[in-house]
Each structure stands twice: as C-alpha cells, then as structure tokens.
Amino acid sequence: MLVSGMDILLKAHEGGYAVGAFNVSNLEMIQAAISAAEEERSPIILQASQSAIAYAGSEVLALMVRKMAEQASVPVALHLDHGTDWDVIMKCLRDGWTSVMFDGSKYPLEQNIEITNKIIEIARPMGVSVEAELGKIGGVEDHIKVESRDATMTDPDEAEEFVKRTNVDFFAIAIGNAHGVYKGDPELDFDRLKEIKQRVNIPIVLHGASGISEADISTAVALGVNKINIDTDLRQAFQQAMHKVVQDTPNVYDPRKMLTPTIKAIKEVVKTKIRMFGSNGRA
Ligand code: G3H
Ligand code: ZN
C-alpha cells in the first residue's frame with residue numbers, strides 16, 4: 001500500500017531502526033526496489049529527484065509507484081528528493097506524492113525556516129509529510145552540487161531552533177556525509193549526530209549513504225538516523241549489470257532481456273541495504 005513518509009518514519013524513530021530511501025527514475029528500478037522490500041518484509045521509501053522528474057514525469061512516476069504499491073504486500077512511500085523548485089514541489093503535492101523534501105540548505109537560516117513553513121502549511125493538510133535540510137552536504141546529487149570547501153556541518157543550536165520553529169516531520173543533516181562517490185573514507189561526526197538527535201528528537205535523515213561502511217551505518221542508526229538515502233550504489237549496480245549484458249551477449253537487442261539483469265542487480269543492493277538498516281521484518 002502507498003503510505004505517507006511519516007507513517008513509515010515515525011515507526012522507525014520509535015523502533016530505533018532506519019528505512020532506506022532509494023532513488024528511482026524508471027519502471028525497472030521501482031520493480032526491483034519494491035520486490036526487494038517484499039522479500040525482506042520491509043517498509044520502503046522510493047524517491048525521485050527533480051531531474052528524475054524531468055526525465056520521467058511527476059505524474060507518471062506517481063502513477064507507476066501508486067499502482068505497484070497497491071499491489072505490494074509492504075508499505076511504500078513516494079518522496080520528492082531535494083526539492084528546490086517551488087513549482088515542482090507543488091506539482092508533486094497535486095500528483096499524489098506522499099512526502100516532499102524542501103532543500104533550503106543554500107539559504108540563510110531564516111529564509112530556510114520561512115520557506116519550509118510555507119510548504120508545511122500546504123502539505124500537512126493534504127497528509128503529505130515534509131523533510132527539510134540544514135547544513136550543506138558536499139558532493140553532487142543531480143542538480144545539487146556543493147564543492148567540499150563549501151560543505152558545512154549542521155549546527156546543533158540551529159538544528160534545535162529550526163525544528164522548534166517549523167515542526168518539520170524529518171530532518172536531514174550534514175555530519176561529513178557527501179553525495180556521489182566518496183574520495184577516501186567518509187568521516188562522520190557521530191558526536192554531532194548524537195547531540196542533534198537528542199535536541200530535535202524527530203526522525204533524522206542521512207543523505208549520501210552510498211559508500212558508507214556497514215559499521216558506520218550501524219552506529220548512525222544506533223544514534224538516531226531513521227531514513228537513509230541511497231542513489232549512487234543503485235546507479236553503479238545498474239551500470240555494471242548493463243555493461244556485462246552488452247559484453248556477454250552483444251547480439252541481444254530486446255530491452256526486456258537487457259534490463260532483467262539490471263533489475264536483479266538493483267534488487268540485491270536494496271535487499272542488502274534493508275538488512276543493514278534494520279528495517280527487515282518490520283512490515
Ligand atoms: O538524496 C539522495 C542521496 O542523498 C543519495 O546519495 O548518491 O551518495 O547515495 P548517494
Ligand atoms: Zn541527498
């Protein structure tokens with residue numbers, strides 16, 4: 001069934017586990033992720049960025065996810081990832097997305113709070129939950145590019161103020177995490193995470209989680225991360241599977257035969273992450 005993002009994340013916050021939010025942009029990725037969640041008996045969040053929406057269409061993505069979620073035996077939420085454009089956010093609300101992120105991390109605190117509140121005012125009566133971000137996550141995620149020298153960690157005082165003044169549903173933080181492929185080993189500031197969680201006491205979101213070790217993920221979950229965003233690991237699984245198909249069977253030209261191994265590869269990654277995040281058996 002299709003549920004609101006908050007339905008899934010409130011349970012995770014109370015139960016002390018995290019749920020994967022997997023970036024999707026086509027039919028096959030949605031199929032792979034939902035079928036992984038069903039096999040693991042896990043709730044799942046499917047999310048798409050503004051550029052994925054430009055690629056596939058907000059309505060089409062929503063209809064595909066809604067239909068497959070209705071047929072699924074586990075709860076599925078559909079989330080707008082890194083919404084920066086007011087019109088896209090409003091369109092997602094109209095098209096039936098069940099949570100939206102407003103990424104106001106490039107704005108000063110006051111402006112970020114102000115716009116987040118405007119979105120919450122519209123989204124909440126529609127039953128749509130809202131994610132906000134404070135601090136600047138480094139790296140590249142579709143249309144968001146932050147040089148490492150411009151990345152800034154989330155300040156716990158500001159985090160507390162932000163959450164008090166917005167009452168936002170879930171909260172994305174920057175603690176040394178970065179989008180895309182990490183250069184070297186990621187170094188997460190767990191003390192900062194612990195302090196922020198204690199002070200805001202709502203579901204925390206970890207972006208840029210591809211490439212973070214299992215040990216660090218476990219620590220982050222133990223300290224209060226409840227939504228973990230995965231994009232790059234899925235893209236790489238897709239690329240490797242597709243590369244192998246083309247290399248091993250150069251005469252195959254049926255898209256279904258070419259894409260089936262990519263579905264399997266993505267599904268395996270999603271299953272592994274679900275177990276790592278501790279949401280298996282929670283549906
Ligand atoms: O918003 C999406 C993510 O934060 C994904 O990051 O590509 O590093 O997994 P990633
Ligand atoms: Zn992100």
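Residues numbered from 1 in each chain as written. Chains lettered and ligands numbered in written order. Predicted model: local features only at pLDDT ≥ 70, side-chain atom pairs only at ≥ 80, totals over all residues. Heavy atoms only, no water.

Colleague: How should the environment of V168 be read in this particular structure?
Modeller: For V168, the location among the structural elements is in the loop between α7 (156-166) and β8 (170-173). Under the relative-accessibility criterion, V168 is labelled buried at 3%. Counting along the chain gives 35 residues from V168 to E133, while the straight-line C-alpha distance between them is 10.0 Å. Other than its neighbours up to four places away in sequence, V168 contacts T116, I120, R124, V130, E131, A132, F162, V163 and I202. (Helix = DSSP H or I, 4+ residues; strand = E, 2+ residues; numbered from the N terminus. Buried < 20%, exposed > 50% of the residue type's maximum accessible area, 1.4 Å probe, protein only. Contact = heavy atoms within 4.5 Å.)

Colleague: Just checking my understanding: could you explain the site of ligand 1 for this structure?
Modeller: Around ligand 1 sit 16 residues in total, of which D81, G208, S210, D231 and T232 are the nearest. Take D81: an N or O atom from its side chain is 2.6 Å from an oxygen atom of ligand 1. At 3.1 Å from an oxygen atom of ligand 1 is found a main-chain nitrogen or oxygen belonging to G180. Taking 300 Å² as the accessible area of ligand 1 by itself, protein coverage stands at 100%. According to the grid-proximity analysis, the pocket containing ligand 1 is the largest cavity. Breaking the shell around ligand 1 down by element, the ones donating at least two residues are β3 (76-83), β9 (178-179) and β11 (225-230). For the shell around ligand 1, the class distribution of residues is three nonpolar, ten polar and three charged. (Near = heavy atom within 4 Å. Polar contact = N/O pair within 3.5 Å; in protein donor to acceptor, adjacent residues only side chain to side chain. Areas by Shrake-Rupley, 256 points an atom, 1.4 Å probe, with all protein chains shown as cover. 1 Å grid on protein atoms, 1.4 Å probe; cavity = no way out; pocket = protein on both sides within 12 Å on 5 of 7 lines; lining within 4 Å. Sits in = over half its atoms within 2 Å of the grid points. Nonpolar A, V, L, I, M, F, W, Y, C, P; charged D, E, K, R; others polar.)

Colleague: Just checking my understanding: could you explain the coordination of the zinc ion (ligand 2) for this structure?
Modeller: Octahedral metals with six donors have ideal donor angles of 90 or 180 degrees. Tetrahedral metals with four donors have an ideal donor angle of 109.5 degrees. Protein coordination of the zinc ion (ligand 2) is provided by H82 (NE2), H179 (NE2) and H207 (ND1), with donor distances spanning 2.0 to 2.1 Å. Site description for the zinc ion (ligand 2): donor spacing in sequence, H-x96-H-x27-H. Of this pair, H82 sits in strand β3 while H207 sits in the loop between β10 (204-206) and α9 (214-222); the two residues are 125 residues apart in sequence, bridging distant segments of the chain. Taken individually, H82 and H207 each receive the classification buried, so the pair is uniform in this respect. (Donors = N, O, S within 2.8 Å, 3.2 Å for Na, K, Ca; no water.)

Colleague: Sorry if this is basic, but what is going on with a nonpolar patch on the surface here?
Modeller: Taken together, the side chains of W86, I122 and M126 present a nonpolar region at the surface, about 260 Å² in accessible area. Within the fold, M126 resides in the loop between α6 (109-123) and β5 (129-134). Taking relative accessible area as the criterion, M126 reaches 44% and is therefore assigned partly exposed. (Patch = residues over 30% accessible without salt bridge, like charges linked within 9 Å, V, L, I, M, F, W, Y side chains within 5 Å. Salt bridge = Lys/Arg side-chain N within 4 Å of Asp/Glu carboxyl O.)

Colleague: I tried to follow the packing of aromatic side chains on my own but got confused; where do I start?
Modeller: The tally for this structure, following the rule as stated, stands at two aromatic pairs. With 6.4 Å between their ring centres and 20 degrees between their planes, F102 and Y107 make a pair best called stacked. Note on Y107: relative accessible area 25%, which makes it partly exposed. Arranged with centres 5.7 Å apart and planes meeting at 35 degrees, the rings of F162 and F171 form a pair that is tilted. (Phe/Tyr/Trp six-rings, centres within 6.5 Å; stacked < 30°, edge-to-face > 60°.)

Colleague: It is not clear to me how the pattern of salt bridges should be interpreted in this structure. Could you clarify?
Modeller: A side chain with one charge may pair with a side chain of the opposite charge, provided their charged atoms come close. Scanning all chains against the criterion turns up 19 salt bridges. Within the structure, one salt-bridge network assembled from shared partners comprises D157, E160, K164, E195 and R199.

Colleague: What is the right way to look at the pairing of β11 in this model?
Modeller: Within a regular strand, side chains alternate between the sheet's two faces. Burial analysis of β11 places six of its six residues in the buried class, which makes it a mostly covered element. Bridge analysis of strand β1 (residues 19-23) against β11 gives four bridges, and the strand direction is parallel. Looking at the pairing, G20 lines up with I228 of β11. Pairing between β10 and β11: three bridges, direction parallel. Residue I204 lies in a different strand from β11, and its bridge partner there is V225. Traced from β10 through α9 to β11, the parallel crossover comes out right-handed. (Pairing = 2+ DSSP bridges. Right-handed = clockwise from strand over helix to strand, strands pointing away.)

Colleague: Honestly, the sheet that holds β9 in this entry has me stumped. Any pointers?
Modeller: Two pairing modes exist for strands in a sheet, parallel and antiparallel, and in both the strands are linked by backbone hydrogen bonds. The three strands are arranged β7-β6-β9 in an open sheet whose pairing can be described as mixed. Each of the sheet's edge strands pairs with one partner strand only, and the pair in question is β7 (144-146) and β9. When strand β6 (residues 138-141) meets β9, the two strands line up parallel, connected through two bridges. Residue pairing for β9: G138 is matched across the bridge by A178.

Colleague: Any chance you could explain the layout of surface pockets here in plain terms?
Modeller: Rolled over the atoms, a probe sized like a water molecule indicates the empty space that remains. Space inside the largest pocket adds up to approximately 460 Å³. Lining of the largest pocket is provided by 23 residues; of these, G138, G139, S148, A151 and A178 occupy positions nearest its centre. Listing elements by their share of the lining of the largest pocket, those giving two or more residues are β6, β7 and β9. Sorting elements by how many residues they give to the lining of the largest pocket places β6 first, with three residues. (Points joined across faces, edges and corners; volume = space filled by probe spheres on them.)

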